[in-house]
Amino acid sequence: MSRPKLHSAPCPLNVPPAPAPALRSVLTALGSPTAVREARTPSLRAAQGPATPELPLPVHVLDEITPAGVSATRLAGWRFLIRCGDRAVAAAETRLTPDGWAFSHFFEGPYIASTERALRQAESIAQPYQPRLLSLPSLYMLALWLHGDCTADGATGHPDAADMLVPLAPAPPGIAAHVPHRVAELLPVLTHRATPAPLPPLPPLLGSPA
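These notes cover the structure that comes with them. (Residues numbered from 1 in each chain as written. Predicted model: local features only at pLDDT ≥ 70, side-chain atom pairs only at ≥ 80, totals over all residues. Heavy atoms only, no water.)

**Things to note about the nonpolar core**
- Leu13, Leu81, Ile112, Leu133, Leu144, Leu146 and Leu168 are the most contacted members of the largest nonpolar core, which has 21 residues in total.
- Of all the secondary structure elements, the ones that give two or more residues to this core are β1 (51-61), β5 (87-97), α4 (110-123), β8 (141-147) and β9 (164-167).
- The leading source of residues in this core is α4, at four residues.
- If we ignore the near neighbours within four places in the chain, the residues touching Leu133 are Leu57, Pro58, Val59, His60, Arg79, Leu142, Ala143, Leu144, Trp145 and Leu168.
- Among the nonpolar cores identified, the runner-up in size contains 17 residues, and Leu44, Trp78, Phe80 and Cys84 belong to it. (Core = buried A, V, L, I, M, F, W, Y, C linked by side-chain atoms within 4.5 Å. Buried < 20%, exposed > 50% of the residue type's maximum accessible area, 1.4 Å probe, protein only. Helix = DSSP H or I, 4+ residues; strand = E, 2+ residues; numbered from the N terminus. Contact = heavy atoms within 4.5 Å.)

This is the structure:
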């Protein structure tokens, strides 16, 4: 099967190739009436015509943000947008198991359209990037991560200072969705958000010296 392509052209995005077993597992699930029928995705179940997996994006998780920078991310899986006709109706998540890459589940929701919108935004940037997804669980935030090294292994690495992050909608309060930021600019804001505020001092016990 040929590598999935973005629909718009010219395209400065270099979509990293997904592991072949991950793609096969999604194709198998799409070909299973039971898997589609049991999915909690009304849009996918009601879709007319063939549904195809496109735009594989590695999903990286950033567990800790520090003032000194970010630690290496961990790969949580590969996500495919499921396109039917001219729009994405759902997404498919795959995960790594002891036996290799396997289909996990279908899902839908606001991140589907938001991901497509962010990718269209990225296409208008003159510099080429490798698109990824970055999840920040501590902030309940998902962002399109535009990595500057287009030849890098999409499954490894961490956000570099010059990389771009495009927060997806819904974004955390105070973080504007679909506004691209350099990692070096957005990191201090995210660090402040992820750092819990210090607890106030306890009042003195009754009868004790102040």
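Having seen it, we continue.
**So, the packing of aromatic side chains**
- Evaluation of the coordinates by the stated rule reveals one aromatic pair.
- Relative to Phe106, the ring of Phe103 lies with its centre 4.7 Å away and its plane at 50°, an arrangement referred to as tilted.
- Judged by its relative accessible area of 7%, Phe106 is buried.
- One Lys or Arg, Arg132, reaches over the ring of Trp145 and ends 4.6 Å from the middle of that ring. (Phe/Tyr/Trp six-rings, centres within 6.5 Å; stacked < 30°, edge-to-face > 60°. Lys NZ or Arg CZ within 6 Å of the ring centre and 35° of its normal.)

**Looking at the pattern of salt bridges**
- Summed over all chains, the structure comprises four salt bridges.
- With its nearest N and O atoms 3.1 Å apart, the salt bridge here joins Arg83 to Glu54. Placement of Arg83 in strand β4 (residues 74-84) and of Glu54 in strand β1 is noted, with a sequence separation of 29 residues between them. A single burial state applies to Arg83 and to Glu54, both of which are buried.
- Salt bridges linked by common partners bring Glu54, Arg83 and Glu116 together as one network. (Salt bridge = Lys/Arg side-chain N within 4 Å of Asp/Glu carboxyl O.)

**Examining helix α1 (residues 20-30)**
- For α1, the complete set of buried residues consists of Ala22, Leu23, Ser25, Val26, Ala29 and Leu30. Here the buried residues of α1 occupy an arc of 160° about the axis, which is enough to place them on one side.
- As for α1, its buried residues are in contact with α2 (33-38), α3 (42-45), β1, β4, β5 and β6 (100-107). (Arc of directions from axis to C-beta.)

**A closer look at unusual backbone geometry**
- The linkage connecting Ala169 with the following residue, Pro170, adopts the cis geometry, with an omega of 5°.
- The backbone of Leu55 shows a phi angle near 50°, a positive value even though the residue is not glycine.
- If you trace the backbone, Leu55 turns up in strand β1.
- Overall, Leu55 belongs to the buried group, its relative accessible area being 6%.
- The phi dihedral of His178 falls on the positive side, at around 65°, and the residue is not glycine.
- The topology assignment puts His178 in the loop between β9 and β10 (181-182).
- Residue His178 is classed as buried on the basis of its relative accessible area, which comes to 8%.

**Notes on α4**
- Over its 14 residues, α4 extends 20 Å from the first C-alpha to the last, a length consistent with the 20 Å expected when each residue adds 1.5 Å.
- Burial in α4 covers these residues: Ile112, Ser114, Thr115, Glu116, Ala118, Leu119, Ala122 and Glu123. (Expected span 1.5 Å × (residues − 1).)

**Section: the pairing of β1**
- Burial runs high along β1: nine of the eleven residues are buried.
- Summarising the sheet, β1 and β4 pair through nine bridges and their orientation is antiparallel. Note that in β4 the partner of Thr52 across the bridge is Arg83.
- Two strands pair when backbone bridges link them, and β1 and strand β7 (residues 130-136) are joined in this way by three bridges, in the parallel orientation. Bridging from a neighbouring strand, Val59 pairs with Leu133 of β7. (Pairing = 2+ DSSP bridges.)

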